[in-house]
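# A look at the structure
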Amino acid sequence: MTHASPSMRDTAVVHRPGRLSRRESRLAFGMTLPSILIVMAIVLFPLLTTFWISAKPIELADLRAPEVRAREQVKGEAVTADDVFLLRYKLRNSSRDKPVLDVRLEDSLPAGLVPLELDPRCELAADRSLRCALGEFEPGQSETLNIDVRAEQAFIDNPESAKHSEVVMTGRSLNPLLTLDFTRENFIKAFGVREFGTVLWVTFVYTIGGTAGALVLGLFAALLLNQTFRGRAVFRGFLLFPFVAPVIAAAFTWVVMLDPFSGSLNTLLVQMGAVEAPINFFGVRTIQIQIFGLSIPFPLALSMVIAFEAWRYFPLSFLFILARMQSIPQDMYEAADMDGASPFQKFWALSLPQLAGIMAVLFLLRFIWTFNKFDDIFLLTGGNAGTRTLTVQVYEQAFALNNLGAGAAVAVLVFVLLALFALVYFRAMPEEEGL
Amino acid sequence: MTATRAPRASMFDRPAGTLALAGVNGLLWGLVVSILIGAGLALVTGLALRPQLGTFALAGLAGAAVHAGLRADALGWRSPQSLAPLAAILLVSLVLSGLQPFNLGIGEAPLAWLASLLITVLALHWVILASQHPIRFGRMNRFRREQALMLSLRAFGFVFFGVIVVLPLYVLVMTSLKTQQALLANPLDLWPDFDQGLMTPLRSYIELFRDFDFGRYMWNSALISVATVVITLLFAVPGSYAVSRLSFPGRLTMSRSILMIYLVPAIVLVIPLYAIFAKLGLRDNLWGLLVVYPATTLPVALYMLQGYFRGVPRELEEAGLMDGCSRLRVIWSITLPLSVPALASVSLYVFMIAWNEFLFAFMFLDDPKMFTLSRGVVSLDSSEVPRQHLMAGAVVSTVPIVIIFLWAERFMVQGLTSGGVKG
């Protein structure tokens with residue numbers, strides 16, 4: 001393009017990857033690399049590992065490496081020089097299903113003890129340390145190592161128990177994470193059980209209920225705060241408390257407040273005559289509500305957990321909605337006032353349409369985060385009384401039932417569903433809301 | 001529903017309709033106010049107060065009807081006419097309840113009897129005056145009606161949000177100052193007893209710091225949180241600057257995947273991290289948390305900062321480049337000083353996440369020497385530890401974050417709105 005006009009040459013310079021832009025790329029890589037590496041190591045790699053573990057027969061106990069334990073015994077006694085007694089090491093592989101490879105024993109013999117005949121696998125070094133290379137121990141295998149020792153005068157003069165020094169056992173075992181045996185058992189165990197349908201149902205009721213509750217409360221709070229009054233800043237700060245407080249503080253406060261024996265709120269309800277006896281709010285799956293002679297089952301614990309979720313997270317939606325409200329041009333409302341619009345007309349016809357975008361985005365985002373929530377339910381009910389969501393099920397399977405594989409299988413499902421929701425979110429997210 | 005249509009007359013605008021509307025308003029407020037005051041006083045005094053709901057509903061109705069019937073324009077709080085609804089409320093609540101509006105005889109607790117009655121009556125009167133402010137007897141229209149409803153709803157909103165925030169806060173703090181026996185004896189009596197000196201209510205706190213090593217937990221939490229902030233910023237500042245300003249292949253992919261990674265929940269990562277950390281000996285070790293926390297806060301920090309860096313005027317940086325500064329120099333002396341508010345927001349937000357974090361601390365820490373506050377408080381949740389210790393622990397873990405919040409509310413709110421996609 002040598003015959004191009006000067007201006008065209010300029011653009012050509014910009015578009016060809018020149019020295020400058022290559023330098024810029026290099027700089028950019030250097031600046032982003034640390035972030036990429038740490039995210040790869042702690043987020044992406046574990047994510048892949050979750051998939052890997054979900055296909056492996058691995059239990060919590062498998063994480064503890066199997067080891068060969070040794071018990072040292074002394075049989076007999078040396079009173080005079082040349083007396084012979086027996087040193088015995090009882091060895092056992094503590095694991096019933098895993099071998100230990102390359103087992104080595106190390107101990108030190110007191111001065112003045114001479115082994116009569118040493119096991120061919122052992123040797124005594126000059127510094128009186130006894131080393132035995134015992135090879136592989138099968139699962140549960142036990143072995144006894146007997147060494148007859150003769151006491152010399154040095155030992156009689158200065159007797160020291162052979163058990164004085166500690167036996168050190170070392171050995172290698174296969175890392176259960178790295179073996180290549182796979183199974184479908186985890187998925188069958190995790191999804192085949194009858195309660196799995198309930199878990200799925202509870203998850204969606206909880207997610208939708210918690211999200212909608214937080215959104216509606218947030219909208220009301222924003223409407224309240226979208227006007228000037230004395231103490232507005234203080235009140236706003238107050239409203240953020242449920243979200244700012246650590247989840248443990250918030251959850252335990254609810255638990256203590258609603259405790260059936262010493263909970264203030266429960267006592268208050270009884271005293272006000274609202275209920276006859278204290279209610280175990282977080283421990284009862286369903287109660288029957290009598291309305292007009294009809295008895296309607298009501299999922300109590302689940303509703304309480306949803307109420308907690310709405311209570312704890314409304315401040316977030318409140319902040320977003322308030323920010324959006326304050327950016328609605330005021331002249332629209334002035335024009336409506338001129339036309340004699342009533343307060344509710346202004347709300348329905350002006351405010352709500354302006355807020356629809358942010359509400360939709362918030363719904364999707366809150367939906368994803370509520371779906372991801374683990375701490376809240378775990379601390380409130382431990383996933384009992386009909387409140388077990390998928391995330392709590394991950395914990396339940398992996399750490400309560402000790403089946404890491406099945407837990408990972410549930411985690412895989414959580415991730416797959418999450419990816420679907422995220423896809424919907426990125427598709428639906430309007431650019432201008434810019435979240 | 002167009003805003004241009006002239007307000008239409010409705011049955012509620014006729015005098016009888018106005019009275020009926022006001023009556024319903026007063027009735028509902030009678031219920032709300034008496035329950036609120038009854039419950040509130042019960043929680044402060046521990047007395048068995050129980051409002052006679054029917055009485056107060058009718059008292060509210062009477063007061064509101066009298067108020068609406070006065071035909072006065074904008075009846076003020078101090079105007080002598082406003083005494084009429086007040087008198088109506090007082091009279092009805094006394095007479096209909098047989099002088100026991102809260103099921104409490106005047107002889108049993110005269111002070112509480114008087115206080116509960118007076119506060120309820122005055123509050124009811126005030127809220128009726130405030131919410132029925134737009135009501136003009138015989139001159140109603142849709143606008144005024146809706147305005148009155150709006151005021152009523154607004155007042156209810158303040159009551160509602162006040163209660164749902166203040167009640168748990170009150171229970172949290174007050175329970176921590178009681179003893180287990182006192183709580184079981186009367187769960188309503190949350191007022192601290194000073195019978196053995198001014199320090200008695202604080203005994204849970206003293207025991208937490210003396211016997212439960214909470215000083216160490218606090219130190220651990222502070223250490224981890226501050227270190228997480230520092231590490232996160234060290235990684236996120238250059239990373240987000242590059243994504244928002246520099247052009248390089250893969251930039252778009254990176255900027256899109258940040259939010260995506262941000263959405264991956266901790267519970268999906270916890271099993272492999274647990275397994276790997278157990279193998280590497282990083283469990284029961286603050287170093288483990290120091291690796292995990294920055295990695296989980298990094299995406300949100302990148303996300304918040306890249307949005308902010310985009311907003312910094314490019315011209316300022318270009319001027320610096322023209323003057324011969326290197327890119328890093330430009331970042332250091334032009335972009336970063338301009339971004340101090342954003343850095344403050346990100347820092348506070350990350351600090352809050354790290355301080356409040358529960359799951360990883362719970363899964364990784366078994367040794368009480370290594371506990372963070374979250375983990376320490378959870379360890380108090382057992383039947384052997386009295387409940388007030390658990391609440392005191394919760395207060396101890398809440399106070400620092402609340403202090404920071406109050407001290408830097410502006411940045412904190414900024415952080416919540418720009419990073420609050422998480423939570």
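The shown structure was predicted, so the numbers you read here are calculated from the model rather than taken from an experiment. (Residues numbered from 1 in each chain as written. Chains lettered and ligands numbered in written order. Predicted model: local features only at pLDDT ≥ 70, side-chain atom pairs only at ≥ 80, totals over all residues. Heavy atoms only, no water.)

### So, the overall build of chain B
Selection rule: The helix count covers DSSP runs of H or I at least four residues long, the strand count covers runs of E at least two residues long, and both are numbered beginning at the N terminus. Radius of gyration: C-alpha atoms only; globule rule: 2.2 Å multiplied by the number of residues to the exponent 0.38. The buried label goes to any residue with under 20% of its type's maximum accessible area, the exposed label to any with over 50%, and the partly exposed label to all in between, with areas taken from a 1.4 Å probe on protein chains only. The contact rule is simple, with two residues in contact once any of their heavy atoms fall within 4.5 Å.
When helices and strands are tallied, chain B shows 18 helices and 0 strands. Its C-alpha atoms give chain B a radius of gyration of 30 Å, more than 25% over the compact-globule value 22 Å for 423 residues. A burial count over chain B gives 53% of its 423 residues as buried. Of the contacts formed within chain B by residues at least 6 apart in sequence, a portion of 75% connects residues at least 24 apart.

### A look at the domain arrangement of chain A
It is common to give the size of an interface as the accessible area lost on bringing the parts into contact. Cut-off, in case you're wondering: A domain assignment, automatic or from a database, supplies the domain bounds used here.
Assigned domains within chain A: domain 1 (6-54), domain 2 (66-172) and domain 3 (187-433). Computed over C-alpha atoms, the centres of domain 1 of chain A and domain 2 of chain A are 59 Å apart.

### Points about the domain arrangement of chain B
Residue and element names in this part refer to chain B. Let me state the cut-off plainly: What counts as buried area is the accessible surface, traced by a 1.4 Å probe, that two parts surrender upon association, with contributions from both included. Whenever a nitrogen or oxygen atom comes within 3.5 Å of another N or O atom, the pair is scored as a polar contact, on the condition that within protein one atom can donate a hydrogen and the other can accept it, and that pairs from neighbouring residues in sequence are kept only if both atoms are in side chains. By the convention adopted, Pro, Cys, Tyr, Trp, Phe, Met, Ile, Leu, Val and Ala count as nonpolar, Lys, Arg, Asp and Glu as charged, and the other residues, Gly among them, as polar.
Looking at chain B, the domain boundaries give domain 1 (11-182) and domain 2 (205-419). Put simply, the middle of domain 1 and the middle of domain 2, counted by C-alpha atoms, are 46 Å apart. Taken together, the contact pairs 8 residues of domain 1 with 8 residues of domain 2. Where domain 1 abuts domain 2, roughly 640 Å² becomes buried across the two surfaces, and 70% of that area is made up of carbon and sulfur atoms. Per-residue buried area on domain 1 facing domain 2 is highest for Leu172, Ser176 and Gln180; these three make up 69% of the total on that side. The interface formed by domain 1 and domain 2 contains 3 residue pairs in polar contact (both at pLDDT 80 or more). At 4 residues, the largest contribution of residues to the side of domain 1 that touches domain 2 is made by helix 5 (residues 142-176). For the side of domain 1 that touches domain 2, the class distribution of residues is 3 nonpolar, 4 polar and 1 charged.

### Here's the deal with the side chain of Asp375(A)
The condition that has to hold: A residue counts as positive if it is Lys or Arg and as negative if it is Asp or Glu; His and the chain ends are not included. When a carboxyl oxygen of Asp or Glu is within 4 Å of a side-chain nitrogen of Lys or Arg, the pair counts as a salt bridge.
Relative to the assigned elements, Asp375(A) resides in helix 13 (residues 375-380). Here Asp375(A) sits buried without a salt bridge, and the closest side chain of opposite charge, Lys373(A), lies 5.5 Å off (N-O distance). Not counting the four nearest positions on each side in its chain, Asp375(A) is found in contact with Val247(A), Phe358(B) and Leu359(B).

### Quick word on the sheet that holds strand 1 (residues 68-75) of chain A
Residue and element names in this part refer to chain A. Selection rule: Pairing between two strands is assigned when DSSP locates at least 2 bridges connecting them. Fitted lines through C-alpha atoms give the axes, limited to the stretch in contact for helices. The angle between two N-to-C directions lies from 0 to 180 degrees.
Reading across the sheet, the 4 strands line up as 1-2-7-4 and stay open at both edges, with antiparallel pairing between neighbours. The outermost strands of the open sheet, each flanked by one partner alone, are strand 1 and strand 4 (113-115). Strand-to-strand twist in this sheet, taken as the mean axis angle between neighbours without regard to direction, amounts to 30 degrees. Relative to strand 7 (residues 142-151), strand 4 is paired through 3 bridges, and the arrangement is antiparallel. Note that in strand 7 the partner of Pro115 across the bridge is Val149.

### Some details on the interface of chain A and chain B
Listed by partner, the interface residues are 108 residues for chain A and 111 residues for chain B. Between chain A and chain B we count 3 salt bridges in total. For the salt bridge of Asp259(A) with Arg387(B), the shortest nitrogen-to-oxygen distance reads 3.5 Å. Summed over the shared surface of chain A and chain B, the result is 14 residue pairs in polar contact (both at pLDDT 80 or more). The element best represented in the side of chain A that touches chain B is helix 2 (residues 19-54) of chain A, accounting for 20 residues. Of the residues belonging to the side of chain A that touches chain B, the class tally is 78 nonpolar, 22 polar and 8 charged.

### Considering the pairing of strand 9 (residues 286-291) of chain A
Residue and element names in this part refer to chain A. Relative to strand 10 (residues 294-299), strand 9 is paired through 6 bridges, and the arrangement is antiparallel. Each bridged residue has a counterpart across the sheet, and for Ile289 the counterpart in strand 10 is Ile296. Connecting strand 9 to the next strand, strand 10, in antiparallel fashion are 2 residues, including Phe292 with a positive phi near 50 degrees.

### Brief notes about helix 7 (residues 203-211) of chain B
Residues and elements named next belong to chain B. Note the cut-off: What the arc measures is the spread of directions leading from the helix axis to the C-beta atoms.
Considered for burial, the residues of helix 7 that qualify are Ser204, Tyr205 and Leu208. All buried residues of helix 7 lie within an arc of 100 degrees about the axis, which places them on one face of the element. Tucked into the core, helix 7 has its buried residues touching helix 5, helix 8 (214-245) and helix 17 (387-407). Where helix 7 ends, the next residue or the one after it, Asp213, has phi of about 65 degrees, a positive value.

### Digging into a positive patch on the surface
All names here are of chain A. What counts is decided by this rule: Patches draw on residues past 30% relative accessible area with no salt bridge. Two like charges within 9 Å are joined, as are two nonpolar side chains (Val, Leu, Ile, Met, Phe, Trp, Tyr) within 5 Å. For accessible areas, the Shrake-Rupley method is used with a probe of radius 1.4 Å. Any residue's cover is judged against the shown protein chains and nothing else. Lys charges are placed at NZ, Arg charges at CZ, Asp charges at CG and Glu charges at CD.
Residues Arg19, Arg22, Arg23 and Arg26 make up a contiguous surface patch of positive charge. In this fold, Arg26 is placed in helix 2. Residue Arg26 is classed as exposed on the basis of its relative accessible area of 58%.

### Digging into the environment of Val312(B)
Residues and elements named next belong to chain B. Following the sequence through the fold, Val312 ends up in the loop between helix 11 (286-311) and helix 12 (314-322). Here Val312 falls in the buried class, since its relative accessible area comes to 4%. Here the alpha-carbon distance between Val312 and Thr335, two residues 23 residues apart in the chain, equals 7.2 Å. Once residues within four sequence positions are removed from consideration, Val312 is found in contact with Arg245, Glu317, Thr335, Leu338 and Ser339.

### Describing the pairing of strand 6 (residues 129-137) of chain A
Residues and elements named next belong to chain A. Where strand 3 (residues 100-108) lies against strand 6, 7 bridges are found, and the strand directions are antiparallel. Residue Arg104 lies in a different strand from strand 6, and its bridge partner there is Ala133. Linking two consecutive strands that pair antiparallel, namely strand 5 (residues 122-124) and strand 6, is a turn of 4 residues; a positive phi of about 65 degrees is found at Arg128 within it.

### Focus on the sheet that holds strand 5 of chain A
Residues and elements named next belong to chain A. With antiparallel pairing, the 4 strands of this open sheet are ordered in space as 5-6-3-8. Edge strands, defined here as strands with exactly one partner in the open sheet, are strand 5 and strand 8 (168-172). Here the strands of the sheet are splayed against their neighbours by 15 degrees on average, with no regard to which way each runs.

### Quick notes on the packing of aromatic side chains
Using the following cut-off: Two rings belonging to Phe, Tyr or Trp (six-membered ring only in the last case) form a pair when the distance between their centres is within 6.5 Å. Interplanar angles under 30 degrees mark stacking, angles over 60 mark edge-to-face geometry, and anything in between is tilted. Throughout this description, the term charge over a ring refers to an Arg CZ or Lys NZ atom that lies within 6 Å of the ring centre and within 35 degrees of the ring normal.
Tallied over the entire structure, the rule returns 42 aromatic pairs over all chains. When the centroid spacing of 5.2 Å and the interplanar angle of 45 degrees are considered together, the rings of Phe314(A) and Phe161(B) count as tilted. In this pair, Phe314(A) sits in helix 10 (residues 300-326) while Phe161(B) sits in helix 5, so the two residues belong to two different chains. The pair Phe314(A) / Phe161(B) is uniform in exposure class, with both members buried. Each residue in the set Phe374(A), Phe378(A), Tyr395(A), Phe399(A), Tyr274(B), Phe358(B) and Phe362(B) is aromatic and connected to the rest through ring pairs, giving one cluster. Taking NZ or CZ as reference, Lys56(A) lies 5.2 Å from the ring centre of Phe182(A), over its face. The aromatic ring of Phe411(B) is capped on one face by Arg410(B), whose charged end is 4.6 Å from the ring centroid.

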